[in-house]
Amino acid sequence: MSDFHPNARGGFLENTLEGLHSAMERALYAESAAQRDGVLQRLDARVKVAGALSMLVAVALSMKLWVIGAIFALAIALAVTSLITIGALAGRAWLGALIFSGVIAIPAVFLTPGAPVFGSPMTVQGLRTGSFLIMRAVTASTLIFLLAYSTPWSHILKALRIFRVPVVFVVILGMTTRYILLLLETAHDMFLSRKSRRVNRLTPAETRRLAISSSGVLLHKTLHLSGEVYQAMQSRGFRGEVYLLDDFRMRSRDWFATGAFATLAAAFIFLGR
Amino acid sequence: MHIPDGYLSPATCAVAYAAAIPFWRVALGRVKRAMNSRQIPLLSLFAALSFVIMMFNLPLPGGTTGHATGIGLATVVIGPWAAMIAVSVALIVQALFFGDGGVLAIGANCFNMAIAGSLVAYGVYRLVAGRSALGSARRVIAAGAAGYAAINVSALLAAIEFGIQPIFYKDASGAPLYCPYPLSVAIPAMMLGHLTIAGLAELAISAGVVAFLQRSDLSLLRSTAGGVRSHDEAGIQPRPLRSLWASLAVLLVLTPLGILTAGTAWGEWMASDFADPAARREIAAVSFRHAVPAHVPEGLQRLSTVWTAPFARYAPPYIRGALFGYLLSAMFGAGLIVMIFLLLGSFTRSAARLGSDAA
Amino acid sequence: MLFELAGLTYRYEGVTAIDGLSLAIPEGSRIALLGANGSGKSTLLRLLDGLIFGQSGTITFCGDEISEEHLLDDAFALAFRRSVGMVFQNPDVQLFNPTVFDEVAFGPLQLRWRKTDIRDRVDDILDRLRIGHLRNRVPQRLSGGEKKRVALASVLVLDPAVLLLDEPTAALDPLSQSEMIDLMVEWGGGSKSVITATHELGDLESIADQCFVLDGGKLVAEGRPEAILADTELLRRTNLIHKHRHGHRGSLHSHSHFHGISAR
């Protein structure tokens, strides 16, 4: 997420509402895609988390462009067989990665010292670096997208336990996502009601004041809710230690996938060094 | 600045994780002790709040807009350790669930923004606020300064992480494999944007919401207030740890002054200095004109090859600019020492607890 | 005697929410705590559920004192939390797990039941409340009525002896409201007790055998629903009914009334 936005035609409210909308929509899409009957959806969450991570590491370690390209091709194949459309990939995974990497990579093509290309200000090294940046960004983004959209979020969290992430952390992560959705809706309603009461666009100063007061109100709500949630947790027996229940069971296809991911990752790491 | 994947080498990411994990563990332990089990809903909800604040596109003077992280605000309301975890959780959810920011880079992002950010914010807040009343304007300024400082330190750390990539990680043809911009480009580029845009956004949120809270619920600012000046405070006030942090920060910045002192400190010569005529003259001059041995003393020769420091002479050749090498060394050195002590502290505390449990 | 309160006082941020309250609730009761907003009925429910503790006076459950220290005792805490279950007014507070299944499983998990038992029991209760199809859904996306049923399931899964309900029909559409009432009627009676905090007078007679009326943190009346409903002076004094102009079959007039499902 870039920190630099030119203040284009949209004012604060419009831009923020859009941001909130797309975030909520992403959450919605994640839920439905995870329920389709594709290749990835049928695998155990732990296998997918470990697999995604090993592929990410292979992408990061690679010193050869074609290896990254191969991993990218594999990711596309998995997407297609998991009924995740290329359009969704393009819109959600690639667009952001391309824009951001483009901004960084394009100057690098000209600025990186090295042999010039056909006498132009571009250098061979610059082109290679730019390619590395863009391909790594897009491939990594695709891998994460595949994981997030083929697996229910609660399963991803519980699968983190294989990396010895403490239970309390996993519980906090789960509760956070659940309440992000609530706070997003509350913020959305606050802005919508403000927008509807106004004929003209708000001035920047007014917008800032709205953002600040909304944050203040949300903070109050946050603190109030946390006290209430704590009581609700206690009411059902929570006394400090949290326990998780997971439905994970390795079936033969999961073992096969584990073997496949491990072999592929090792191969890619070896080939890319 | 949310660093995506592909800009930092896996080694850098691993080091960042290794740096972040001890802080997370200490923070979780501290928060649990302070709040018992209440920390679970509080941290979750504050993480959600931080996430939502990160989505606000704030218009700033000059016609630009920027995003804040809420680290300054969180630190002032729930303290640095809780803020560290809350903002880390928000960043992790952003990366995993919403695809903003890299996954391998989570360690680095959390270290820069959540961990360093919260500690810096707390130090600056306590330093600037002093013991002023909870509802005073000074507290608002302190909060704003805290947020501003935090985000800029985060940006600096990110810039350093970016800038060292082309030094270490190039392929056979000399093309940088990860971030291609050296420190001389990365630092100004990052700092410009953060000193002006993102820093102001953070300042606005931190100061603005604290001012809002002063009107709506003053007690929310109490937990990080430290000793607010009151009439009936008797007894010895233990020296607040935070002013020590602040002093450390100031000292860090002043370390390049060391370059101004000419020459090498007495006794800190290298084996090669004994062969160099200019160095020999210097050694004699500071040793009351005592005769300098013609050859390198045998013991010195043997031992000098045992350990080669990673940051030789505080300014390894690949870091251009002695000044900058100094500052980096100071930061890493201080950071390393701090981490060691924190780790030791957490171990001794858990050992003490085990001891008292067994008793 | 299920609950016994003697001179219980609870203050919070300078406000005395419960003021020297004394009452007794026998086992197998169906109780309604009546009062307008701010009368203290929500606070009383939380005191009964051992979530907050009074500054003076005593409160006991089946003879055992409900206090912060006593709840530190594992045996008592586990037994108490299982026996008394509360459904909060705001479902967002009660639904804090990522999925409906996780939510309902939370209670048994914290009470350390066996994992195989938990799975079966959760599926069973989801079916009984006809929300089995919502098993893997995120609580955020559910309708008001569905959320209430999930909240109820998350408490009923423990098979508590006492059910505390805080404004159970608030913010529900009429169909969900009547379904809720049916559930409450089914549940009470025999050895099970239901204590409902509400200001809705509409279905009082179906959900309660005994009413306690609260005003300003004090107990101002108790009796059978018919008696309470007949005492219009009391109801008006405690803000449970109001008088304003409204329409009846084409003519405007005003008289004391309340809004509810079975409008009189």
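Reading the values: the criteria
- Residues numbered from 1 in each chain as written.
- Chains lettered and ligands numbered in written order.
- Predicted model: local features only at pLDDT ≥ 70, side-chain atom pairs only at ≥ 80, totals over all residues.
- Helix = DSSP H or I, 4+ residues; strand = E, 2+ residues; numbered from the N terminus.
- Buried ≥ 20, exposed ≤ 12 C-beta atoms within 10 Å, placed from the backbone.
- Contact = placed C-beta atoms within 7 Å.
- Pairing = 2+ DSSP bridges.
- Axes fitted to C-alpha atoms, helices over the stretch in contact; angles between N-to-C directions.
- Parallel < 35°, antiparallel > 145°, perpendicular 65-115°, else oblique.
- Nonpolar A, V, L, I, M, F, W, Y, C, P; charged D, E, K, R; others polar.
- pLDDT = per-residue confidence, 0-100.
- Expected span 1.5 Å × (residues − 1).
- Left-handed = near helix turned anticlockwise from the far one by under 90°.
- Domains from an automatic or database assignment.
- Core = buried A, V, L, I, M, F, W, Y, C linked by C-beta atoms within 7 Å.

Undergrad: Would you take a moment to explain the overall build of chain A for this structure?
TA: Of regular secondary structure, chain A possesses 9 helices and 1 strand. The secondary structure elements of chain A, listed N-terminal to C-terminal, are β-α-α-α-α-α-α-α-α-α. Seen through its principal axes, chain A has C-alpha atoms that stretch 60 × 55 × 30 Å. In chain A, buried positions account for 44% of the 273 residues. Considering only contacts in chain A between residues 6 or more positions apart, those separated by 24 or more positions represent 78%.

Undergrad: Honestly, the pairing of strand β10 (residues 218-223) of chain C in this entry has me stumped. Any pointers?
TA: Residue and element names in this part refer to chain C. As paired elements, strand β9 (residues 210-215) and β10 share 5 bridges and run antiparallel to each other. Across the sheet, Cys 211 pairs through a bridge with Gly 223, a residue of β10. Where β9 folds back on β10, the antiparallel hairpin that results is connected by 2 residues, among which Gly 216 adopts a positive phi of roughly 60 degrees.

Undergrad: What am I meant to see in the packing of helix α2 (residues 45-61) of chain A against helix α9 (residues 252-271) of chain A here?
TA: Relative placement of two packed helices is described by the angle separating their axes and the distance separating the axes. Residue and element names in this part refer to chain A. Interaxial distance between α2 and α9 falls to 9 Å at its minimum, and their mutual angle equals 5 degrees. With respect to α9, the element α2 is oriented roughly parallel. Contacts from Val 47, Ala 50, Gly 51, Ser 54, Met 55, Ala 58 and Leu 61 of α2 reach α9 at Asp 254, Ala 257, Thr 258, Phe 261, Ala 262, Ala 265, Phe 268 and Ile 269. Tallied by class, residues from the contact of α2 with α9 come to 11 nonpolar, 3 polar and 1 charged.

Undergrad: Looking at this structure, how should I read the interface of chain A and chain C?
TA: Accessible area lost upon the coming together of the parts serves often as the stated size of an interface. Taken together, the contacts link 23 residues of chain A with 29 residues of chain C. When contributions to the side of chain A that touches chain C are tallied by element, the ones reaching two or more residues are α6 (153-159), α7 (167-196) and α8 (204-235) of chain A. When residues of the side of chain A that touches chain C are assigned to their parent elements, the largest contribution, 7 residues, is made by α8(A).

Undergrad: Would you explain the confidence of the model for chain B in this entry?
TA: Low-pLDDT stretches of the model should not have their predicted coordinates read in fine detail. Residues and elements named next belong to chain B. In this model, chain B carries an average pLDDT of 76, and 63% of its residues clear a pLDDT of 70 or more. Averaged pLDDT values for the elements of chain B fall to 49 in helix α12 (residues 322-358) and rise to 95 in helix α5 (residues 106-129). This model gives residues 230-240 a pLDDT under 50, and the stretch forms 3 contacts once residues within four places in sequence are excluded. In this model, residues 343-359 is a region of pLDDT below 50 whose contacts with residues beyond four sequence positions or in other chains number 4 contacts. Reported confidence for the predicted complex is 0.89 by ipTM and 0.79 by pTM.

Undergrad: It is not clear to me how helix α5 (residues 124-150) of chain A should be interpreted in this structure. Could you clarify?
TA: For an α-helix, 3.6 residues make a turn, and residues three or four places apart therefore share a direction. Helix length check: α5(A), at 27 residues, gives a terminal C-alpha distance of 39 Å against a target of 39 Å (1.5 Å per residue), a fit within 8%. With 24 of 27 residues buried, α5(A) lies mostly within the body of the structure.

Undergrad: Just to check I follow, could you spell out the sheet that holds strand β8 (residues 193-198) of chain C for this structure?
TA: Within a sheet, neighbouring strands are paired by backbone hydrogen bonds and run either parallel or antiparallel to one another. All names here are of chain C. An order of β6-β7-β8-β3-β9-β10 is seen for the 6 strands of this open sheet, with the pairing classed as mixed. Only two strands of the sheet have a single partner each, and these edge strands are β6 (84-87) and β10. Averaged over all neighbouring strand pairs, the angle between strand axes comes to 20 degrees, with direction disregarded. Bridge count for β6 against strand β7 (residues 162-166) is 4 bridges, and the pairing is parallel. Each residue of the ladder has a partner; that of Val 87, found in β7, is Leu 165.

Undergrad: Mind showing me how you'd approach the pairing of strand β2 (residues 15-25) of chain C here?
TA: Walk down a regular strand and you will see the side chains alternate between the two sheet faces. All names here are of chain C. Pairing between strand β1 (residues 3-12) and β2: 7 bridges, direction antiparallel. Within the sheet, the bridge partner assigned to Arg 11 lies in β2 and is Thr 16. Between β1 and the antiparallel strand that follows it, β2, lie 2 residues; Glu 13 among them carries a positive phi value of about 50 degrees.

Undergrad: How do you make sense of the packing of α5(B) against helix α6 (residues 137-163) of chain B when you look at a structure like this?
TA: All names here are of chain B. The contact between α5 and α6 brings their axes to 7 Å, and the two run at 150 degrees. For the pair α5 and α6, the crossing hand works out as right-handed. The residue inventory of the contact of α5 with α6, partitioned by class, reads 20 nonpolar, 4 polar and 3 charged.

Undergrad: Even after reading the chapter, I still don't get the interface of chain A and chain B, so can you show me in this structure?
TA: At the interface, 74 residues of chain A touch 62 residues of chain B. Broken down by secondary-structure element, the contributors of at least two residues to the side of chain A that touches chain B are β1 (5-6), α1 (12-33), α2, α4 (86-111), α5, α6, α7 and α8 of chain A. The dominant element in the side of chain A that touches chain B, judged by the number of residues it contributes, is α8(A), at 17 residues. Of the residues contributing to the side of chain A that touches chain B, the split by class is 46 nonpolar, 21 polar and 7 charged.

Undergrad: Help me understand the domain arrangement of chain A in this model?
TA: All names here are of chain A. Examined at the domain level, chain A breaks down into domain 1 (12-34 + 164-242) and domain 2 (36-151 + 249-271). Just the C-alpha atoms count here: the centres of domain 1 and domain 2 sit 31 Å apart. Taken together, the contacts link 4 residues of domain 1 with 8 residues of domain 2.

Undergrad: Looking at this structure, how should I read helix α6 (residues 144-156) of chain C?
TA: All names here are of chain C. Taking 1.5 Å as the rise per residue, α6 with 13 residues should run 18 Å; its terminal C-alpha atoms sit 18 Å apart, in good agreement. Judged by how many residues are buried, α6 sits mostly within the fold: 11 of 13 residues are covered. All of the buried residues in α6 are Glu 146, Lys 147, Lys 148, Arg 149, Val 150, Ala 151, Leu 152, Ala 153, Ser 154, Val 155 and Leu 156. Here the buried face of α6 lies against β6, α3 (91-94), α4 (100-110), α5 (115-128), β7 and α7 (174-187).

Undergrad: I tried to follow the nonpolar core on my own but got confused; where do I start?
TA: For soluble globular proteins, the rule of thumb is that nonpolar side chains tend to be buried together. Ranked by internal contacts, the top residues of the largest apolar core, which has 251 residues, are Leu146(A), Leu43(B), Val52(B) and Ala86(B). Mapping this core onto the domain boundaries places at least three of its residues in each of domain 1 (12-34 + 164-242) and domain 2 (36-151 + 249-271) of chain A.

Undergrad: So what exactly am I meant to see when it comes to unusual backbone geometry here?
TA: With the exception of glycine, the majority of residues adopt a negative phi angle, and the majority of peptide bonds are in the trans configuration. Residue and element names in this part refer to chain C. Of note, the phi angle at Cys 62 is positive, near 50 degrees, even though the residue is not glycine. Note that Cys 62 resides in the loop between β4 (56-61) and β5 (64-65). For Arg 112, which is not glycine, the phi torsion reads 65 degrees and is therefore positive. Along the chain, the position of Arg 112 falls in the loop between α4 and α5.

Undergrad: Please explain the environment of Phe106(C) as it appears in this structure.
TA: With respect to the helices, strands and loops of the structure, Phe106(C) is situated in helix α4. Taking C-alpha positions, Phe106(C) is 22 Å from Leu183(C), a pair spaced 77 residues apart along the chain. Non-local contacts of Phe106(C), meaning those with residues more than four positions away in its chain, are made with Arg236(A), Asn97(C) and Ser154(C).

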